[in-house]
Amino acid sequence: MDARVAVFAPSPQLTVTVEDLDGEPDVHLHAGGQGFWQSRMIAALGVEAVVCATFGGETGRVLRTLLEGEHVDLKAREVAARNGAYVHDRRDGDRSEMVEMIPDALSRHELDDVYESALVEGIRAGTAVLSGPSDDRVLPHDTYFRLTSDLTSNGCRVIVDLAGDRLAEAVRGGPHVVKVSHEELGEEDLPKLIEKAREIAASCVHGVVVSRADEPALALLEDQLYLVKMPRLEPVDTRGAGDSMTAGISAGLALGMSLTDAVKLGAAAGAVNVTRHGLGSGGGDAVRELSKRVELEPIEE
């Protein structure tokens, strides 16, 4: 069977970016949102990304058309709830938010349908990534506990990249790997981050990866602590690096890599992403080559 990863992307986002082209505005429309950015990197690494998502309203119609042109297997559910959108102005070189439209909440039946799709596709793939929508009101937080628990109990490895109450609920369900930033854990001090990582790992979690901005990431893999050290690359846009890291880890596991090698692939994917303008973008060859230079330095407590 070909390597596959199911991506739970409950409400993707339409992104509109205004760039400068020889002194004239240049408007770009793209599919966006955490789940899509992750799925794009997964596909770039040679793994089939199966995206389980909902589409509603004018933004949803545009989004679905854009996603159908991407190299992903789209499992779309048409809903009444409108997808969110934002408009960013980058004509002066910096990203300035002009407007953001918040997505609508999914109805009970709409949520049931996308949940069922993610459950079935996750079990079929054997590896699943659970991502979040751009707004807390889209779906109840305990959805992530139920979906994590249902997938893991049916033999699917679950990788979560969430924050706040969504993260807490997913951890309660016992995912295989948790990727989280130090900001989301509310700590900067390494010993305190290690303590937080161990608390997460206590819920039958095999791997916890904590990104630390410009500092080497912290990884707790099967009870061994590491600092994840990457070669320095000049950043163009740091947004999306964490999503690319999650995508690389999940793609590595789907390809049969060990957890340590999958984390190296994820670190390389995050590093390559910051050298590009597109979120969740990067060439598979570049990621694989850079992963050879990633070092996992053991931490002795």
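Look a little higher up for the structure.
Everything quoted here is computed from the prediction, not taken from an experiment.

Reading the values: the criteria
- Residues numbered from 1 in each chain as written.
- Predicted model: local features only at pLDDT ≥ 70, side-chain atom pairs only at ≥ 80, totals over all residues.
- Heavy atoms only, no water.
- Axes fitted to C-alpha atoms, helices over the stretch in contact; angles between N-to-C directions.
- Helix = DSSP H or I, 4+ residues; strand = E, 2+ residues; numbered from the N terminus.
- Parallel < 35°, antiparallel > 145°, perpendicular 65-115°, else oblique.
- Left-handed = near helix turned anticlockwise from the far one by under 90°.
- Contact = heavy atoms within 4.5 Å.
- Salt bridge = Lys/Arg side-chain N within 4 Å of Asp/Glu carboxyl O.
- Buried < 20%, exposed > 50% of the residue type's maximum accessible area, 1.4 Å probe, protein only.

All right, on to the packing of helix H1 (residues 34-44) against helix H8 (residues 241-254) then. A pair of packed helices is characterised by two quantities: the angle between their axes and the separation of those axes. It is at 8 Å that the axes of H1 and H8 come closest, and there the two elements cross at 50 degrees. With respect to H8, the element H1 is oriented oblique. Our pair here, H1 against H8, has a crossing hand that is right-handed. Contacts from Gln 34, Trp 37, Gln 38, Met 41 and Ile 42 of H1 reach H8 at Asp 243, Ser 244, Thr 246, Ala 247 and Ser 250.

Let us now look at the pattern of salt bridges. Applying the stated rule across the entire model yields 17 salt bridges. Where Glu 121 meets Arg 124, a salt bridge forms, and the shortest distance between an N and an O atom there is 3.1 Å. With a gap of three residues between them, Glu 121 and Arg 124 both fall in helix H3 (residues 108-125), about one helical turn apart. Taking relative accessible area as the criterion, Glu 121 reaches 6% and is therefore assigned buried. As a salt-bridge pair, Asp 136 and Arg 166 come within 3.0 Å of each other at their nearest N and O atoms. Residue Asp 136 is found in the loop between strand E8 (127-130) and helix H4 (143-152), and its partner Arg 166 is found in helix H5 (residues 164-172); the two are separated by 30 residues along the sequence. On the accessibility criterion, Arg 166 (10% relative accessible area) is buried. When salt bridges with common partners are traced through the structure, they connect Arg 4, Glu 48, Glu 121 and Arg 124 into a single cluster.

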